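Chain by chain, the residues:
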Amino acid sequence: MTAKTVLYRAQQAAVGLGGHFLRWPKPVCVTGPGSLARLPDLLREAGAKKPLIVASRRQCADPAFAAMAAGLADYALFSDVPADPPVMTVEAIAALYRREGCDSFAAIGGGSPMDAAKAAAARIARPDKTLAQMGGLMKVGRAIPPFVAVPTTAGTGSETTMAAVVTGPDHRKYALGDLHLIPRYAILDPTLTVSLPPDITAQTGMDALTHAVEAYCSRFYNTNQTRRLAETAVADIFRWLPAACENGEDLTAREKLLIASFRAGCAFTRAGVGNVHAIAHTLGGLYGVGHGLANAVLLPVILRDYGSTVAPQLGRLAEAAGIAGGADGFVDAIFAMNEKLGIPRGFSCIRTEDIPRMTAWADAEANPGYPVPVIYDREHFAEIIHRIRLE
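For the structure given in this document, a descriptive report is provided here. Bear in mind the structure is a predicted one, so any value in this text is a computation, not a measurement.

1. Concerning the overall build of the protein
Move 1: When helices and strands are tallied, the protein shows 16 helices and 9 strands.
Move 2: Taken against the 2.2 N^0.38 rule, which gives 21 Å for 391 residues, the C-alpha radius of gyration of the protein at 20 Å falls within 12% of a compact globule.
Move 3: In terms of principal-axis extent, the alpha carbons of the protein reach across some 60 × 45 × 45 Å.
Move 4: A separation of at least 24 residues holds for 78% of the contacts in the protein among residues at least 6 apart in sequence.
Move 5: With the model as given, the accessible surface of the protein reaches about 15,300 Å², and the carbon-plus-sulfur share is 54%.
Move 6: With 38 positive and 37 negative side-chain charges, the protein shows a separation of 6 Å between the mean positions of the two kinds.

2. Focus: the environment of Asp41
Move 1: The topology assignment puts Asp41 in helix H2 (residues 39-45).
Move 2: Owing to a relative accessible area of 40%, Asp41 belongs among the partly exposed residues under this scheme.
Move 3: Measuring from C-alpha to C-alpha, the distance between Asp41 and Ile144 comes to 19 Å, with 103 residues separating the pair along the chain.

3. Structural notes on the layout of surface pockets
Unfilled space is identified by rolling a water-sized probe across the atoms.
Move 1: Of the volumes computed, that of the second largest pocket is approximately 310 Å³.
Move 2: Taken together, 15 residues line the second largest pocket, and the ones lying closest to its centre are Pro25, Leu179, His180, Ile182 and Arg184.
Move 3: Per-class residue counts for the lining of the second largest pocket are 11 nonpolar, 1 polar and 3 charged.

4. Notes on a nonpolar patch on the surface
Move 1: There is a patch of nonpolar side chains on the surface, built from Leu22, Leu137 and Met138 and spanning about 270 Å² of accessible area.
Move 2: Looking at where Met138 falls in the secondary structure, it is placed in the loop between strand S5 (136-137) and strand S6 (147-151).

5. Details of empty space enclosed by the protein
Move 1: Evaluation of the coordinates by the stated rule reveals 2 cavities of 30 Å³ or more.
Move 2: Taken together, 14 residues form the lining of the largest cavity, with Glu214, Cys217, Gly274, Tyr306 and Pro373 sitting closest to its centre.
Move 3: Looking at side-chain class alone, the lining of the largest cavity contains 11 nonpolar, 2 polar and 1 charged residues.
Move 4: Empty space within the second largest cavity amounts to approximately 50 Å³.
Move 5: Taken together, Ala154, Thr193, Leu196, Thr201, Thr204, Gly205, Leu241, Arg254, Leu257 and Leu258 make up the lining of the second largest cavity.

6. Here we look at the packing of helix H8 (residues 198-216) against helix H11 (residues 275-287)
Move 1: At their nearest, the axes of H8 and H11 sit 10 Å apart, and the two run at 140° to each other. The angle between the axes of H8 and H11 places the two elements in the oblique class. Packed against H8, whose contacting residues are Asp207, Thr210, His211 and Glu214, the element H11 presents Asn275, Val276 and His277 at the interface.
Move 2: Broken down by class, the residue content of the contact of H8 with H11 amounts to 1 nonpolar, 4 polar and 2 charged.

7. Quick notes on the sheet that holds strand S7 (residues 163-167)
Move 1: On the basis of which strands lie adjacent, the open sheet formed by 3 strands has the order S5-S8-S7 and mixed pairing. With one partner strand each, in any of the chains shown, S5 and S7 form the two edges of the open sheet.
Move 2: Direction of pairing for S5 relative to strand S8 (residues 173-177): parallel, over a ladder of 2 bridges. Across the sheet, the residue bridging to Gly136 is Leu176, located in S8.
Move 3: Packed on one face of the sheet, helix H6 (residues 111-125) meets S7 and S8 and runs near 100° to S7.

8. A closer look at the environment of Ala119
Move 1: Here Ala119 is to be found in helix H6.
Move 2: By relative accessible area, which is 0% here, Ala119 ends up buried.
Move 3: Spatially, the C-alpha atoms of Ala119 and Ala67 are 27 Å apart, while their sequence positions differ by 52 residues.
Move 4: In this view, Ala119 contacts Val90, Leu131, Ala164 and Val166; residues no more than four positions away in its chain are not counted.

9. Brief notes about the side chain of Thr161
Move 1: Examined against the element boundaries, Thr161 turns out to sit in the loop between S6 and S7.
Move 2: On the accessibility criterion, Thr161 (2% relative accessible area) is buried.
Move 3: Every residue in contact with Thr161, bar those within four places of it in the chain, is listed here: Lys118, Leu181, Ile182, Pro183, Gly265, Phe268 and Thr269.

10. What about the sheet that holds strand S2 (residues 51-55)?
Move 1: Reading across the sheet, the 6 strands line up as S1-S9-S6-S4-S2-S3 and stay open at both edges, with parallel pairing between neighbours. Looking along the sheet, the strands with just one partner apiece sit at the ends: strand S1 (28-31) and strand S3 (76-78). In this sheet, adjacent strand axes meet at a mean angle of 15° when their direction is disregarded.
Move 2: Across 3 bridges, S2 lies against S3 in parallel orientation. Bridging from a neighbouring strand, Val54 pairs with Phe78 of S3.
Move 3: With respect to the sheet, H6 is in contact with S2, strand S4 (104-109) and S6, its orientation differing from that of S4 by roughly 165°.

11. Some thoughts on the state of the cysteines
Covalent bonding between the sulfur atoms of two cysteines is what defines a disulfide.
Move 1: With the rule as written, the count across this model stands at 0 disulfides.
Move 2: Cysteine Cys60 is unpaired, with the sulfur of Cys102 as its nearest cysteine sulfur at 14 Å.
Move 3: Exposure remark for Cys60: the relative accessible area of 23% places this residue in the partly exposed category.

12. Brief notes about the pairing of S6
Move 1: The buried fraction of S6 is high, at 5 of 5 residues.
Move 2: Across the two faces of S6 the burial is the same, with Phe147, Ala149 and Pro151 and Val148 and Val150 all buried.
Move 3: Pairing between S4 and S6: 5 bridges, direction parallel. Bridging across to S6, Ile108 finds its partner in Val150.

Conventions and cut-offs
Counting starts from 1 at the beginning of each chain's written sequence and moves along it residue by residue. Given that the model is predicted, a residue must reach a pLDDT of at least 70 before its local features are reported, and side-chain atom pairs must reach 80 or more before they are shown or counted; all residues, however, enter totals for whole chains, interfaces and linings. With hydrogens and water set aside, each side-chain value is computed from the structure's full complement of heavy atoms. Comment: elements are numbered from the N terminus, with helices defined as DSSP H or I runs of at least four residues and strands as E runs of at least two. For this measure, only C-alpha atoms enter the radius of gyration; the expected value for a globule follows 2.2 Å times N^0.38, where N is the number of residues. The contact definition used throughout considers only heavy atoms, calling two residues in contact when any of these lie within 4.5 Å. Exposure was quantified through the Shrake-Rupley algorithm and a 1.4 Å probe, taking into account, for residues, occlusion by the shown protein chains and nothing else. Only four residue types enter the tally: Lys and Arg on the positive side, Asp and Glu on the negative side; His and the chain ends are excluded. The location of each charge is read from NZ of Lys, CZ of Arg, CG of Asp or CD of Glu. Each residue is placed in one exposure class: buried if its accessible area under a 1.4 Å probe, protein chains only, is under 20% of its type's maximum, exposed if it is over 50%, and partly exposed if it falls in between. Cavity: a set of points on a 1 Å grid over the protein atoms alone where a 1.4 Å probe fits but cannot get out. Pocket: an open set with protein on both sides within 12 Å along at least five of seven lines, its lining residues, like those of a cavity, having an atom within 4 Å of a point. Grid points are joined across faces, edges and corners, and a volume is the space filled by probe spheres set on the points. Polar here means any residue other than Ala, Val, Leu, Ile, Met, Phe, Trp, Tyr, Cys and Pro, which are nonpolar, and Asp, Glu, Lys and Arg, which are charged; Gly is therefore polar. Each patch is built from salt-bridge-free residues with over 30% relative accessible area, joining like charges within 9 Å and nonpolar side chains (Val, Leu, Ile, Met, Phe, Trp, Tyr) within 5 Å. A pairing counts as a salt bridge when a side-chain nitrogen of Lys or Arg comes within 4 Å of a carboxyl oxygen of Asp or Glu. All axes are obtained by fitting lines to C-alpha atoms, using only the stretch in contact for helices, and the reported angles, taken between N-to-C directions, cover 0 to 180 degrees. Throughout this description, any angle smaller than 35 degrees is read as roughly parallel, any larger than 145 degrees as roughly antiparallel, any in the 65 to 115 degree range as roughly perpendicular, and the remainder as oblique. What makes two strands pair is DSSP finding at least two bridges between them. Two cysteine sulfurs form a disulfide in these notes if their separation is within 2.5 Å.

In structure tokens form, the structure reads like this:
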């Protein structure tokens, strides 16, 4: 073990110890078909009178959105959030919030609208700090306005996490991570996910699986509760994700996946993520690869690379999901599900000349903060990236 690794482990152990003394809030969760209609009541319960709704254009065109909005006395709307939301989008949302005199946020959509809205809420809470200055852990430091999160994909878990990921002008992704960013309410309405095509359903579902598995395998930050949440999420994703991909109208499968994504989000908010995310963010920032797709490809490759280090944890997850073969069987099952869901083994977009920059970004993101089973240096990150690079 190198001196740098010893230092990283010491820092992680200290953070893990400190985590036991923090208050970890959890959103009030409302579930069930048609539960989007509860949003106006939740805002009134929070004392809010004029929310800024950040929603995808697809959601704005949904009759359920119009019915919900009719229950609001007043609101402002922002519906132009691109994938991997850039800093300029977040600033535009914050500017609209101030200009319209809003007092709360409601984010409806996938991870991009929710992350953009959470980052904008951080700017409202801390107008004295830029997003770059709030990047990292616990740098917001003030309560954000009342926030309701309504996921329309079952994967990111952003409706329950302390993170908001944005993209800087250099295409590098970075995260704001602060307990104040955890939404006050989460609405899990499965009817909002039935129109998702099978490929997006698959990729977002594998995103949730990655959250649960990386949280379960983390060191120092885990608790009995996060382990139980991750085990349940993993079992439900293996059971219900293929069903939702085969029949998007299956409301039972859709709701089970939303709840699994929520649980996985709760688990990784407390226990952290790892090297899969560190590399996946470079793929999204440089090439626009969907985050769930990047995670899906990387997850089994990195778990196999960890080897015996994670064998006990993966063995328990295999048992929870009813998968034979212990740790090896669990990794094989992820590869098999990827293949069944049409997820590729790698990416042809990766340019050799970009790999040094990717490894630098991944190293800076993962170390020392991520309590990973195996600490990767830049050479190890490069080795993994080469494995998923297709000619």
